[in-house]
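Secondary and tertiary structure notes
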Number of protein chains: 2
Amino acid sequence: MDADTLDHETRLGEGDHEALRVWLRLLTCTNLIEAAIRADLRSEFDVTLPRFDLMAQLYRHPEGLKMGELSQRLMVTGGNVTGIADQLETEGLVTREAHALDRRSFVISLTAAGRRAFAKMAARHEEWVAGLLHGLADTERHDLFKLLGRLKSTIKATP
Amino acid sequence: MDADTLDHETRLGEGDHEALRVWLRLLTCTNLIEAAIRADLRSEFDVTLPRFDLMAQLYRHPEGLKMGELSQRLMVTGGNVTGIADQLETEGLVTREAHALDRRSFVISLTAAGRRAFAKMAARHEEWVAGLLHGLADTERHDLFKLLGRLKSTIKATP
């Protein structure tokens, strides 16, 4: 801890320090869960998290998504969207159609086989997540859900 | 919602659903805060989040870190560790020295200028995070901190 830091830190109030500690803990929890899910997807389905994430977004939009919309909706980083979509198309899990109004852009959607494949993974994914949170009491899980909801709206309300 | 999913979902209990909702909310909050910090680092310091993250790890280890240790400690993904380290070296913010015991590996550490540069960014970073969480009451922030601590130890205890 050098003099610079001490100066900066003493200028901040106790609540500010705790805010930073909340953020680091939030990030740590996210990283731990993400790593566990990544490993489970790999070992059980030989699938990457970005691929699972991409299929999840398409599953929620049966009408299909444009490439750009799809990229914006992804929850995890690091995947090559075009590469994953190409691969899924080769495997018959997605189709690509010209957009009805904008002929230059394509709409991607899951095929019936793609929906079935995703539903199977999603069910296991839900079990893994439940397993990771299993050590929390019902009230703790519930309070955490509520507080994260408060956090989410607070962040969104920040200018 | 197709038949497959309904089947899977009805097999799960209410708590399992909530666990998944907690995870998605956690991920959303992490993504929102990360995006805000990314934008602030960019506009105020013209620095990427992976670069900030890398400097943060080195700041916590004044004795320096081997390249491999550094990669493992990073909290965010998507950065090119070698590329960032090269760039920081060019700017005189890190040094690279042969490891005392293992001459084939290098130890990277922040220079005095690097420590000063990071301390300045870290202080602003703490203010940004405090600003993002400002809408939470003290008790909410405190309860969230405690519950995330419970979540963290629960995940780590999961086999």
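Structural notes, computed from the coordinates. All figures in this text were calculated on a predicted structure; none of them were measured in a lab.

1. Structural notes on the relation of the copies chain B and chain A
Relative to chain A, chain B is turned by 180 degrees and slid 0.0 Å along the rotation axis, the superposed coordinates differing by an RMSD of 0.0 Å. With respect to symmetry, the two chain copies, as superposed, fit the operation of a two-fold axis. Residue B:G78, judged by its C-alpha, is the member of chain B lying nearest the rotation axis, at 3.0 Å. Interface overlap between copies is the fraction of interface residues in one copy that are interface residues in the other; for chain B against chain A it reaches 98%, indicating a shared surface.

2. Focus on the packing of helix α3 (residues 49-60) of chain A against helix α6 (residues 112-132) of chain A
Residue and element names in this part refer to chain A. Two numbers describe how α3 lies on α6: the axes approach to 10 Å, and their chain directions differ by 115 degrees. Every pair of crossing elements has a handedness; the one defined by α3 and α6 is left-handed. Of α6, the residues touching α3 (which contributes F52, M55, A56 and Y59) are G114, R115, F118 and M121. Residues that form the contact of α3 with α6 fall into these classes: 6 nonpolar, 1 polar and 1 charged.

3. Quick word on the pairing of strand β3 (residues 106-110) of chain B
Residue and element names in this part refer to chain B. With 2 bridges connecting them, strand β1 (residues 65-66) and β3 associate as antiparallel partners. The partner of K66 across the bridge, within β3, is V107. Bridge count between strand β2 (residues 94-98) and β3: 5 bridges; the pairing is antiparallel. Looking at the pairing, R96 lines up with I108 of β3.

4. Examining the interface of chain B and chain A
In many reports, interface size means the accessible area that the parts give up when they come together. Facing the 55 residues of chain B at the interface are 54 residues of chain A. With 17 residues, the top contributor of residues to the side of chain B that touches chain A is helix α2 (residues 14-45) of chain B. When the residues that make up the side of chain B that touches chain A are grouped by side-chain class, the tally is 26 nonpolar, 14 polar and 15 charged.

5. Observations regarding the sheet that holds strand β1 (residues 65-66) of chain A
Residues and elements named next belong to chain A. Strand order in the open sheet made by the 3 strands is β1-β3-β2, with antiparallel pairing throughout. In the strand order of this sheet, the two ends are held by β1 and β2 (94-98), each with one partner. The strands touched by α3 within the sheet are β1, β2 and β3 (106-110), with β3 carrying the most contacts at an inclination of about 95 degrees.

6. Observations concerning unusual backbone geometry
Backbone geometry follows two general trends: most residues other than glycine have a negative phi, and most peptide bonds adopt the trans configuration. All names here are of chain A. For D46, which is not a glycine, the phi torsion comes out positive at approximately 55 degrees. Relative to the helices and strands, D46 is located in the loop between α2 (14-45) and α3. Judged by local crowding, D46 falls into the exposed class, with 8 C-beta atoms found within 10 Å.

7. Looking at the environment of A:R103
Structurally, the position occupied by A:R103 is in the loop between β2 and β3. The spatial distance from the C-alpha of A:R103 to the C-alpha of A:V81 is 20 Å, given a sequence separation of 22 residues.

How each quantity is defined
Residues numbered from 1 in each chain as written. Chains lettered and ligands numbered in written order. Predicted model: local features only at pLDDT ≥ 70, side-chain atom pairs only at ≥ 80, totals over all residues. Least-squares fit on C-alpha atoms with pLDDT ≥ 70 in both. Contact = placed C-beta atoms within 7 Å. Axes fitted to C-alpha atoms, helices over the stretch in contact; angles between N-to-C directions. Helix = DSSP H or I, 4+ residues; strand = E, 2+ residues; numbered from the N terminus. Left-handed = near helix turned anticlockwise from the far one by under 90°. Nonpolar A, V, L, I, M, F, W, Y, C, P; charged D, E, K, R; others polar. Pairing = 2+ DSSP bridges. Buried ≥ 20, exposed ≤ 12 C-beta atoms within 10 Å, placed from the backbone.

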